[in-house]
Amino acid sequence: MMATKTDGGGTAKLDGRVERGNQTRRLVLRRTVDIASVEGLDALSVGRIATELKLSKSGVFALFGSKEELQLATIRAAGRIYLDAVVEPARQSPPGIGRVSRLCAHWLDYSEQRVFPGGCFFYGVIAEFDAREGAVHDALVRANRDWTDQVERCLAEARDTGELRADLDVPQLAFELIALMETANAHSVLHDEPDAYRKAGVAITARLRAASTDPASVPQLP
């Protein structure tokens, strides 16, 4: 009899609790990615988030369980935002130099438009954890490798289509493009210098044209 009663209404109640929990989790993570982009992942705590969002500390703790899990969940949430802002729009272009250009342009726009208030989320928190050990460090290493792999993959595709030179050193060029983007982010945030993005765009365009089989086909960024 108890099982029948639970089946009659328990599922709906459970579904409602799960959805409220998911909504709270999204609310928390939208706040934590913004905090971490400015103050770092160490600035996050269950108590602080509960106070700022007027939630119960026990409720936030039940969702994450520890400061480390809150940090890891924040990294995952930032990764999804990053994919939506930078990677997915570039994938709308066919493989080739156009996709590479769009990937770089979307990255510069992502930083300049302050999708995260502190600039590039990953640039800041990687510097915070690069010399440490542990799960948070390892998660950031994976995120950084994924981004590098994405840039290298786009460059390799452009080489395979014949738009970049066959002898192109893909890892080297990827390293240079990422360095230019990150430098623009750092200068803009530190000096409040929007022109850093234009300078990076000029430099990225020059590097792609130097590696291209048809320099005139490479659009000027941004």
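Look up: the structure comes first, before these words.
A short tour of the structure in this document, coming up. (Residues numbered from 1 in each chain as written. Predicted model: local features only at pLDDT ≥ 70, side-chain atom pairs only at ≥ 80, totals over all residues. Heavy atoms only, no water.)

## Describing unusual backbone geometry
The following threshold applies: Counting from the N terminus, the helices are the DSSP runs of H or I reaching at least four residues and the strands are the DSSP runs of E reaching at least two. Each residue gets one of three labels from its accessible area relative to the maximum for its type: buried under 20%, exposed over 50%, partly exposed in between, using a 1.4 Å probe on protein chains only.
Unlike most non-glycine residues, Lys54 shows phi in positive territory, near 55 degrees. Counting through the fold element by element, Lys54 comes out in the loop between helix 2 (46–53) and helix 3 (57–64). Unusually for a residue other than glycine, Asp192 sits at a positive phi of about 55 degrees. Tracing the sequence through the fold places Asp192 in the loop between helix 8 (170–191) and helix 9 (195–211). Asp192 sits in the exposed class, given a relative accessible area of 64%.

## Quick look at the nonpolar core
Condition: Side-chain atoms within 4.5 Å link the members of a nonpolar core, which is a set of buried Ala, Val, Leu, Ile, Met, Phe, Trp, Tyr and Cys residues. Contacts are assigned to residue pairs with any non-hydrogen atoms lying within 4.5 Å of each other.
Counting residues in each nonpolar core, the largest one holds 61 residues, and the members touching the most others are Leu41, Phe121, Trp147 and Leu155. The element that contributes the greatest number of residues to this core is helix 4 (residues 67–90), accounting for 10 residues. In contact with Phe121, not counting residues within four places along its chain, are Val33, Ala36, Ser37, Leu41, Thr74, Ile75, Ala78, Tyr110 and Phe116.

## Brief notes about the state of the cysteines
Counted only if it meets this: We call a pair of cysteine sulfur atoms a disulfide whenever their separation is within 2.5 Å.
Applying the stated criterion to the full structure yields 0 disulfides. Cys104 provides the cysteine sulfur closest to Cys154, a residue in no disulfide bond, and the two sulfurs are 8.6 Å apart. With a relative accessible area of 3%, Cys154 lands in the buried category.

## Topic: the packing of helix 8 against helix 9
Heads up, the rule is: Angular values range over 0 to 180 degrees, each being the angle between N-to-C directions of two axes fitted as lines to C-alpha atoms, with helices fitted over their stretch in contact. Working definition: roughly parallel below 35 degrees, roughly antiparallel above 145 degrees, roughly perpendicular at 65 to 115 degrees, and oblique for all remaining angles. Three residue categories are used. Nonpolar comprises Ala, Val, Leu, Ile, Met, Phe, Trp, Tyr, Cys and Pro, charged comprises Asp, Glu, Lys and Arg, and polar comprises the others, including Gly.
Relative to each other, helix 8 and helix 9 sit at 170 degrees, their axes nearing to 8 Å. Accordingly, the angle class assigned to the pair helix 8 and helix 9 is roughly antiparallel. Along the contact surface, helix 8 presents Leu173, Glu176, Leu177, Leu180, Met181, Ala184, Asn185, His187 and Ser188, while helix 9 presents Ala196, Tyr197, Ala200, Ala203, Ile204, Arg207, Leu208 and Ala211. Residue composition of the contact of helix 8 with helix 9, grouped by class: 12 nonpolar, 3 polar and 2 charged.

## Thoughts on helix 6 (residues 121–129)
The test is simple: Arc definition: it is the arc formed by the directions from the helix axis to the C-beta atoms.
Among all positions of helix 6, only Phe121, Phe122, Val125, Glu128 and Phe129 are buried. Axial view of helix 6: buried residues confined to an arc of 125 degrees, hence all on one face.

## Brief notes about the environment of Asp214
As for its placement among the helices and strands, Asp214 is situated in the segment after helix 9. Asp214 sits in the partly exposed class, given a relative accessible area of 40%. Measuring from C-alpha to C-alpha, the distance between Asp214 and Val86 comes to 25 Å, with 128 residues separating the pair along the chain.

## Looking at the layout of surface pockets
Condition: Only protein atoms enter the 1 Å grid used here. Points where a 1.4 Å probe fits but cannot escape make up a cavity, open sets with protein on both sides within 12 Å along at least five of seven lines make up a pocket, and a residue lines them when an atom lies within 4 Å of a point. Grid points are joined across faces, edges and corners, and a volume is the space filled by probe spheres set on the points.
For the largest pocket, the calculated volume is near 530 Å³. Gly79, Phe122, Ala143, Asn144 and Asp146 are, among the 23 residues lining the largest pocket, the residues nearest its centre. Among the secondary structure elements, those contributing two or more residues to the lining of the largest pocket are helix 4, helix 6 and helix 7 (135–160). Partitioned by chemical class, the residues of the lining of the largest pocket number 13 nonpolar, 3 polar and 7 charged.

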